[in-house]
Amino acid sequence: MSTNKNIIGIFDSGLGGLSVFKYFLKKLPQFNYIYLGDNARVPYGGKSQEVIYEYTKEAIDFLFSQGANLIIIACNTASAEALKKIQQEYLPQKYPHQKVLGVIRPLAEAASQNKKLTRVGVIGTKATISSNVYKTEIKKLNPQIKVFQLSTPLLVPLIEEGWAHKPETKNILKSYLTPLKTKHLDALILGCTHYPFMLSEAKKIMGRSCLVPNTGRIIAQSLKDYLKRHLELELTPVFKPTINFYTTDDVKQFKKVGEKFLGQKITKIKKITL
Ligand code: DGL
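Bear in mind the structure is a predicted one, so any value in this text is a computation, not a measurement. Within each chain, residue numbers correspond to sequence positions counted from 1 in written order. Local features in this predicted model are restricted to residues whose pLDDT is 70 or higher, and side-chain atom pairs enter the listing and the counts only when it is 80 or higher, whereas totals over whole chains, interfaces and linings include all residues. To obtain the side-chain values, all non-hydrogen atoms of the structure were included, while hydrogens and water were left out.

## Describing the layout of surface pockets
Phase 1: Volume-wise, the largest pocket comes out at about 630 Å³.
Phase 2: Taken together, 26 residues make up the lining of the largest pocket; nearest its centre are Leu83, Gln87, Gly102, Arg105 and Glu137.
Phase 3: Helix and strand labels come from DSSP, where a helix needs a run of H or I of at least four residues and a strand needs a run of E of at least two; each type is numbered from the N terminus. Of all the elements in the fold, those that place two or more residues in the lining of the largest pocket are helix H3 (76–81), helix H4 (83–94), helix H5 (104–113), helix H7 (133–141) and helix H11 (215–229).
Phase 4: In terms of residues, the lining of the largest pocket owes the most to one element, H11, which gives six residues.
Phase 5: For this classification, Asp, Glu, Lys and Arg are treated as charged, while Ala, Val, Leu, Ile, Met, Phe, Trp, Tyr, Cys and Pro are nonpolar and the rest, including Gly, are polar. Its residues assigned to classes, the lining of the largest pocket shows twelve nonpolar, seven polar and seven charged. Grid spacing is 1 Å over the protein atoms alone, the probe is 1.4 Å, and a cavity is where that probe fits but cannot get out, while a pocket is an open set with protein on both sides within 12 Å along at least five of seven lines and lining residues have an atom within 4 Å of a point. Grid points are joined across faces, edges and corners, and a volume is the space filled by probe spheres set on the points.

See below:
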């Protein structure tokens, strides 16, 4: 167990969270990080709320045991199905001085603060969409916005396979987005960690009148603002930051695909069991 608490933990069901982590490294490069991918049990997107909650709790226990003082659940599905219960029940009991954040709130805030948006689409996994969390959060902040949701479950396995830019995958994305196009959306939220790897394809399909924001950039900016407001967490920039990766499955596979997703080398990586 590490005694250094000056660490930000990042959790995802697999590799997709690297689309968010990439922007943490750009905006907040001087921090220590640990990233955990539960690759052995990915995807979470079709699992029940109970199972997603149990898995997320295990991941959080692990990251806190490694010294994280703040954890970002960089997974939409786990943010949708487990975050609230973790914040309201698990943390007060077990980790009253540590914090866990998700990725949905920052995106909902960004959508609701943009005065130009009145019709917003969201795509995500089955679990994220059936939880209604995006709709609930956006409506709480701005009840005038109409939210259109759609689950697009075929995309995660194709992107994991490295097929994001293949014509077959583009066609599937197009089939999913065509009914949403008829809703005349002002913006489309990519509510799943994997989808930003198809950002340019989604932008092309949706056309110029529909904003498709870079979710990782928004989440990273929100973390930056949060750290400024929460000095009590004692997370401070360091001269030589460390980045440690953990996966519950094969290290070689994580490195191979992860380096492409992250756009940089992954050097310190270990396999763990949750
Ligand atoms: N990380 C998940 C999300 O953002 C996608 C992969 C999965 O289904 O576990 O929803």
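After that view, the rundown keeps rolling.
## Regarding the sheet that holds strand E9 (residues 269–271)
Phase 1: For two strands to be treated as a pair, DSSP must find at least two bridges joining them. Read across the sheet, six strands follow the order E4-E3-E1-E2-E8-E9 without closing on themselves; strand pairing throughout is parallel. In this open sheet, the two edge strands, each paired with only one partner strand, are strand E4 (99–101) and E9. Between one strand axis and the next, the sheet turns through 20° on average, direction left out of account.
Phase 2: Bridging between strand E3 (residues 68–73) and E4 involves three bridges; their strand directions are parallel. Looking across to E4, one finds that isoleucine 71 is bridged to valine 100.
Phase 3: Relative to strand E2 (residues 32–37), helix H1 (residues 18–27) is tilted by about 175°, and along the sheet it contacts strand E1 (7–12), E2, E3 and strand E8 (243–247). What counts as an axis is a line fitted to C-alpha atoms, over the stretch in contact for a helix, and the angles between N-to-C directions run from 0 to 180 degrees. Note on definitions: a residue-residue contact is assigned when non-hydrogen atoms from the two residues lie within 4.5 Å.

## Concerning the nonpolar core
Phase 1: We call a set of buried Ala, Val, Leu, Ile, Met, Phe, Trp, Tyr and Cys residues a nonpolar core when their side-chain atoms join them within 4.5 Å. Summary of the burial criterion: residues with accessible area below 20% of their type's maximum are buried, those above 50% are exposed, and those between are partly exposed, where the area comes from a 1.4 Å probe applied to protein chains only. Counting 71 residues, the largest nonpolar core has Phe21, Phe24, Tyr33, Leu70, Leu177, Leu188 and Phe245 as its most contacted members.
Phase 2: At six residues, the largest contribution of residues to this core is made by H1.
Phase 3: Setting aside chain neighbours within four positions, we find leucine 70 in contact with Ile7, Ile8, Gly9, Lys99, Leu101, Leu223, Tyr226, Leu227, Leu233 and Leu235.
Phase 4: One finds Ile7, Phe11, Ile71 and Tyr90 within the second-largest nonpolar core, a separate group that totals 28 residues.

## Comments concerning the site of the ligand
Phase 1: Taken together, 14 residues lie around the ligand, and Ser13, Tyr44, Gly45, Thr77 and Thr193 are the ones closest in.
Phase 2: Aspartate 12 is positioned such that a nitrogen or oxygen atom in its side chain is 2.9 Å from a nitrogen atom of the ligand.
Phase 3: The definition of a polar contact used here is a pair of N or O atoms within 3.5 Å, where within protein one atom must be able to donate a hydrogen and the other to accept one, and adjacent residues in sequence count solely through side-chain atom pairs. At a separation of 3.0 Å, an oxygen atom of the ligand approaches a polar backbone atom of asparagine 76.
Phase 4: For the ligand, whose unbound accessible area comes to 290 Å², protein coverage reaches 99%.
Phase 5: Per-class residue counts for the shell around the ligand are six nonpolar, seven polar and one charged. Only a single heavy atom is needed: when it lies within 4 Å of a molecule or strand, its residue is near that molecule or strand. Areas reported here follow the Shrake-Rupley algorithm with a probe of radius 1.4 Å; residue values treat only the protein chains shown as occluding.

## Remarks on the packing of helix H2 (residues 49–65) against H4
The relative placement of two packed helices comes down to the angle between their axes together with the axis-to-axis distance.
Phase 1: Interaxial distance between H2 and H4 falls to 12 Å at its minimum, and their mutual angle equals 45°. It follows from the interaxial angle that H2 and H4 lie oblique. Note on packing geometry: the crossing formed by H2 with H4 is right-handed. For the pair H2 and H4, the contacting residues are Tyr53, Thr56, Lys57, Ile60, Asp61 and Phe64 in the first and Lys85, Ile86, Tyr90, Leu91 and Lys94 in the second.
Phase 2: Of the residues in the contact of H2 with H4, the class split is six nonpolar, one polar and four charged. Working definition: roughly parallel below 35 degrees, roughly antiparallel above 145 degrees, roughly perpendicular at 65 to 115 degrees, and oblique for all remaining angles. Crossing handedness is read from the near helix: turned anticlockwise from the far helix by less than a right angle, it gives a left-handed crossing, and turned clockwise, a right-handed one.

## Quick notes on the pairing of strand E7 (residues 187–190)
Phase 1: The alternating pattern of E7 places Ala187 and Ile189 and Leu188 and Leu190 on opposite faces, both of which are buried.
Phase 2: Pairing between strand E5 (residues 119–124) and E7: four bridges, direction parallel. Pairing of valine 122 across the sheet is with isoleucine 189, part of E7.

## Digging into empty space enclosed by the protein
Phase 1: Applying the stated criterion to the full structure yields two cavities of 30 Å³ or more.
Phase 2: By volume, the largest cavity is sized at about 40 Å³.
Phase 3: Lining the largest cavity we find Ser19, Val20, Asn76, Val103, Leu107, Leu190, Cys192, Thr193, Pro196, Thr215 and Ile219.
Phase 4: For the lining of the largest cavity, the secondary-structure elements that each account for two or more residues are H1 and H11.
Phase 5: When the residues that make up the lining of the largest cavity are grouped by side-chain class, the tally is seven nonpolar, four polar and no charged.
Phase 6: For the second largest cavity, the full set of lining residues is Ile123, Leu155, Leu173, Leu190, Tyr195, Met198 and Ala202.
Phase 7: Classifying every residue of the lining of the second largest cavity gives seven nonpolar, no polar and no charged.

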